[in-house]
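# Overview (structure and organization)
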Amino acid sequence: MKKFTGIPASPGIAIEKALLYLEDDVPEIPRYSIQKSQVESEWKRFLTANHQAVEEVRDLYEQALREVSSEQAAIFQSHRMMLEDTDFHEQIKDQLNESLQNIEWVFWDISHKLAQCLMASPDAQFRERAADISDVSRRVMNRLLSINKRSLADLKSDVILVSHDLLPSDVLAMDKKRVKAIVMDAGGRTSHTAILARAFAIPAVLGLSSITRAIDEGDTVVVNGTVGEVIVNPDTQNLGQSQQAMDHYHKYFDEFLELRELPAETKDGHRVCLKANIEIPEEADQVARYGAEGIGLYRSEFLFLTPGQAIAEEEQYRAYSHVLKVMEGRPVTIRTLDSGGDKLIPNFQLTDEKNPLLGWRAIRFSLSRPELFKTQLRALLRSSVNGNMRIMFPLISGIEELEQALSILEEAKAECRKKNQAYSDAIEVGSMIEVPAAAMTADILAERSDFFSIGTNDLIQYSLAVDRGNERVNYLAQPSHPAVIRFLQKIIQSAHEKGIKAGLCGELAGDTTATALLLGLGLDEFSMTAQSIPQVKRIIRGVEMEQCRLLAERALQCSSYHHVTVLVEAWMSEHFPSDYELRSR
Ligand code: PEP
Ligand code: MG
């Protein structure tokens, strides 16, 4: 028996035999010289292969429309745009003429360099976009080389799909009834593969590095996509426990979905708001399915990270308007560009900072590029007429930054007025509280903010001095550290004293072990991965506010994260014995 931990990319538990799908390895690319007179025929070969690839992508698009949603189908629309990109075609034609190499080589060289450039980014989100380039170029290459991939469309039995890097089109084409879970060496929570897996409710654990080497075809594999665990050939005891956990999960999930229409209200009538976090506009379509009352965090930087997607005002306007329209008047909180640190935009930002996490990132970057910032603000303002928009600024560390950002927003409004461009006059503007300095001056920031959204991913990183991406010190990133809990209390209290609401949009918002504690601290809004909403709602509907306040009081008196953890876990197992059992597996 072997156990592995990866990224929990799509929740759920499955136990099945493994199917290894490794045929997406790059084939050997032939390379040879051609005569000038052959250029035309090589070019025609490319056009034919490209046309066939466009047809395939069109079919996948239609399939996605039928089986998933128009928004998920947009992935294939963007693949088609890449295939039909005239600049890309020009580049291929120029290189073909200049290098006098065969078309397979020229095509591979250009697309491979583009994917490599994205892969080299320190930012996982860029690396994930490289998967789309690979998907598209492999499709054309397969046609050029007359390769037919092994089909995942009609599988004979239920399987756990094990792959190095499954492509979004593979997920769409595969037999979804037979594939019970996906495990991958590559990938992250925000890759399109992960997004599709979540849309199809297929559990997935990604980013396992070398899982393909640890699993043989036919091995029994347990995949727990909720916690990110994979067990290969479990012993009898582990198998039994996993089966029980799986049964629990299915039973609870059905119940959870029934909660969709019910309010997020404690037994004694205290109402809070549950919203979803999204990274790309297409995700907005799914969130109502889980009962999201709005979008609490739209990470707008994803627009800037997707290759082939311009960051022009019009592109942004369309993306923001789309989310607002889909949400039909429910609040949509759009965060301005949060690039830098671990999310660098290539050709746009410095890559040689000594301390990027303490460097030129988020609001600091936007304030130093006012024209870029204003372009985003104008796009936001113009789209605001399509729904109920809230804007928030990331990584605010003091009142000067907030005031500067607000004054640039005023300039953007003036520019819109000058051009007779309408915008809503009801837009709320909030601050993300993710830096200790902001937490300590929350009372001051609250004077100029319409709301707070606590970014615990960063707040924990900065208050405990733990790089959130560094595996060696990750054990120190404890949300239950007394420093974090005290910060949370201070932020929420300061917000309430000034009459504004405090939300939380870090991963902690979707962690059901923290729900009662956060309620007790007075949190008004929880924003999380949409799939987590039903579970969090169930906890909220199963507690009384008074009990939660007492829990928070006791937690605030604890002297170590260990004490807080023991306290909260004991409380949870007392109030929700079966949930706790499920989580602890
Ligand atoms: C956070 O820091 O908690 C947050 C929500 O922002 P991000 O994870 O995008 O940095
Ligand atoms: Mg953050």
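Remember, it's a predicted structure, so these values are computed and weren't measured experimentally.

### Looking at the packing of helix H3 (residues 86–99) against helix H4 (residues 103–119)
Geometry of a packed helix pair, given as the angle between the helix axes and the separation of the axes. With their axes 10 Å apart at the nearest point, H3 and H4 run at an angle of 130 degrees to one another. Here H4 runs oblique to H3, going by the angle between their axes. As H3 packs across H4, the resulting crossing turns out to be right-handed. When H3 is examined against H4, the residues Phe88, Gln91, Ile92, Gln95, Leu96 and Ser99 are found in contact with a partner set consisting of Ile103, Val106, Phe107, Asp109, Ile110 and Ser111. Taken together, the residues of the contact of H3 with H4 sort by class into seven nonpolar, four polar and one charged.

### Section: the domain arrangement of the chain
Partitioning the chain into structural domains gives domain 1 (2–23 + 151–245), domain 2 (36–145) and domain 3 (267–584). Here the C-alpha centre of domain 2 lies 27 Å away from the C-alpha centre of domain 1.

### Overview of the site of ligand 1
With respect to spatial proximity, 14 residues lie near ligand 1, and among them Arg299, Arg335, Gly455, Asn457 and Arg468 are the closest. With respect to ligand 1, the backbone of Thr456 contributes an N or O atom lying 3.1 Å from an oxygen atom. Contacts to ligand 1 include Asp458, whose backbone N or O atom sits 3.0 Å from an oxygen atom. Burial of ligand 1 by the protein amounts to 98% of the accessible area it has alone, namely 290 Å². Taken together, the elements giving at least two residues each to the shell around ligand 1 come down to strand S10 (295–299) and helix H18 (456–463).

### Brief notes about the coordination of the magnesium ion (ligand 2)
Each donor-metal-donor angle in an ideal tetrahedron of four donors is 109.5 degrees, and each such angle in an ideal octahedron of six donors is either 90 or 180 degrees. Donor atoms from the polypeptide that bind the magnesium ion (ligand 2) are Glu434 (OE) and Asp458 (OD), placed at 2.1 to 2.3 Å. With a gap of 24 residues between them, Glu434 in the loop between strand S13 (428–433) and helix H16 (436–440) and Asp458 in helix H18 connect regions that are remote in the sequence. Take Glu434 and Asp458: they sit in the same class, and that class is buried.

### Topic: the nonpolar core
Of all hydrophobic cores here, the largest spans 110 residues; its most connected members are Ile295, Tyr298, Phe393, Phe452, Leu488 and Phe526. Beyond its immediate sequence surroundings of up to four residues, Tyr298 is in contact with Ile278, Glu279, Ile280, Pro281, Leu303, Ala319, Tyr320, Val323, Thr333, Ile334 and Arg335. In this structure, Val106, Leu152, Leu161 and Leu172 belong to the second largest nonpolar core, which totals 54 residues.

### A short note on the sheet that holds S13
Strand order in the closed barrel formed by eight strands is S9-S10-S11-S12-S13-S14-S15-S16, and the pairing between neighbours is parallel. Neighbouring strand axes in the sheet, compared pairwise and without regard to direction, differ in orientation by 25 degrees on average. With three bridges joining them, S13 and strand S14 (residues 451–454) adopt parallel strand pairing. When the sheet's bridge partners are listed, Ile433 is paired in S14 with Ile454. The strands that helix H12 (residues 313–326) touches are strand S9 (273–278), S10, strand S11 (331–335) and strand S12 (388–393); relative to S10, the one it contacts most, it runs at about 160 degrees.

### Some details on the packing of helix H14 (residues 370–383) against helix H15 (residues 399–418)
Running from amino to carboxyl end, H14 crosses H15 at an angle of 60 degrees, the nearest separation of the two axes being 9 Å. By the criterion of interaxial angle, the relationship of H14 to H15 is oblique. Handedness of the crossing formed by H14 with H15: right-handed. Note on element contacts: H15 touches H14 through Ala405, Ile408, Leu409, Glu411, Ala412, Lys413, Glu415 and Cys416, opposite Pro370, Phe373, Lys374, Leu377, Arg378, Leu381 and Arg382. Among the residues making up the contact of H14 with H15, the classes are represented as nine nonpolar, no polar and six charged.

### Observations concerning the pattern of salt bridges
In the structure shown here, the tally under the stated rule is 32 salt bridges. A salt bridge links Glu301 to Arg335, with the shortest nitrogen-to-oxygen separation between them at 2.6 Å. Within this pair, whereas Glu301 is found in helix H11 (residues 301–305), its partner Arg335 is found in strand S11, the two being separated by 34 residues in sequence. Its salt-bridge partner being Arg361, residue Asp458 comes within 3.4 Å of it at the nearest N-O pair. On the criterion of sequence distance, the pair formed by Asp458 in helix H18 and Arg361 in the loop between S11 and helix H13 (362–368) is long-range, its members being 97 residues apart. In terms of burial, Asp458 and Arg361 fall into one category: buried. Each of Glu313, Glu314, Glu371, Lys374, Arg378, Arg382, Glu411 and Glu415 takes part in salt bridges that share partners, so that together they form one network.

### Looking at unusual backbone geometry
Phi at Asn233 takes a positive value of approximately 45 degrees, unusual for a residue other than glycine. Among the secondary structure elements, Asn233 is positioned in the loop between strand S8 (229–232) and helix H9 (236–258). What makes Asn233 partly exposed here is its relative accessible area of 35%. One non-glycine residue, Ala362, lies in the positive phi region at around 50 degrees. Following the sequence through the fold, Ala362 ends up in helix H13. With a relative accessible area of 0%, Ala362 lands in the buried category.

### Section: the packing of aromatic side chains
What the rule picks out here adds up to seven aromatic pairs. Seen in terms of ring centroids, Trp105 and Trp108 are 5.5 Å apart; in terms of plane orientation they differ by 40 degrees. Their pairing is tilted. In this pair, Trp105 and Trp108 are both assigned in helix H4, three residues apart and thus about one turn of the helix distant. With a relative accessible area of 17%, Trp105 lands in the buried category. Trp108 gets classed as partly exposed once you look at its relative accessible area, which sits at 21%. Taking 6.1 Å as the distance between ring centres and 65 degrees as the angle between the ring planes, the aromatic pair formed by Phe373 and Phe393 counts as edge-to-face. In this pair, Phe373 sits in helix H14 while Phe393 sits in strand S12, placing the two residues 20 residues apart along the sequence. Both residues of the pair, Phe373 and Phe393, belong to the buried class. Taken together, the ring pairs connect Trp43, Phe46, Phe88 and Phe107 into an aromatic cluster.

### Details of H3
Taking 1.5 Å as the rise per residue, H3 with 14 residues should run 20 Å; its terminal C-alpha atoms sit 20 Å apart, in good agreement. For H3, the complete set of buried residues consists of Phe88, His89, Ile92 and Leu96. Across the axial projection of H3, the buried residues extend over an arc of 100 degrees, all falling on one side. Facing away from the buried side of H3 by more than 90 degrees, the exposed set consists of Thr86, Asp87 and Glu98. Capping of H3 at its N-terminal end is provided by Asp85; its side-chain oxygen lies 2.9 Å from the backbone amide nitrogen of Asp87.

### With respect to the environment of Leu152
Along the chain, Leu152 falls in the loop between helix H5 (124–144) and strand S4 (159–163). Using a relative accessible area of 5% as the deciding quantity, one classes Leu152 as buried. In the structure, Leu152 is positioned 27 residues away from Val179 in sequence and 9.0 Å away in space, judged by C-alpha atoms. In contact with Leu152, not counting residues within four places along its chain, are Leu19, Tyr21, Leu161, Leu166, Asp170, Ala173, Met174 and Asp175.

What counts, and where the lines are drawn
Residues numbered from 1 in each chain as written. Chains lettered and ligands numbered in written order. Predicted model: local features only at pLDDT ≥ 70, side-chain atom pairs only at ≥ 80, totals over all residues. Heavy atoms only, no water. Axes fitted to C-alpha atoms, helices over the stretch in contact; angles between N-to-C directions. Helix = DSSP H or I, 4+ residues; strand = E, 2+ residues; numbered from the N terminus. Parallel < 35°, antiparallel > 145°, perpendicular 65-115°, else oblique. Left-handed = near helix turned anticlockwise from the far one by under 90°. Contact = heavy atoms within 4.5 Å. Nonpolar A, V, L, I, M, F, W, Y, C, P; charged D, E, K, R; others polar. Domains from an automatic or database assignment. Near = heavy atom within 4 Å. Polar contact = N/O pair within 3.5 Å; in protein donor to acceptor, adjacent residues only side chain to side chain. Areas by Shrake-Rupley, 256 points an atom, 1.4 Å probe, with all protein chains shown as cover. Donors = N, O, S within 2.8 Å, 3.2 Å for Na, K, Ca; no water. Buried < 20%, exposed > 50% of the residue type's maximum accessible area, 1.4 Å probe, protein only. Core = buried A, V, L, I, M, F, W, Y, C linked by side-chain atoms within 4.5 Å. Pairing = 2+ DSSP bridges. Salt bridge = Lys/Arg side-chain N within 4 Å of Asp/Glu carboxyl O. Phe/Tyr/Trp six-rings, centres within 6.5 Å; stacked < 30°, edge-to-face > 60°. Expected span 1.5 Å × (residues − 1). Arc of directions from axis to C-beta.

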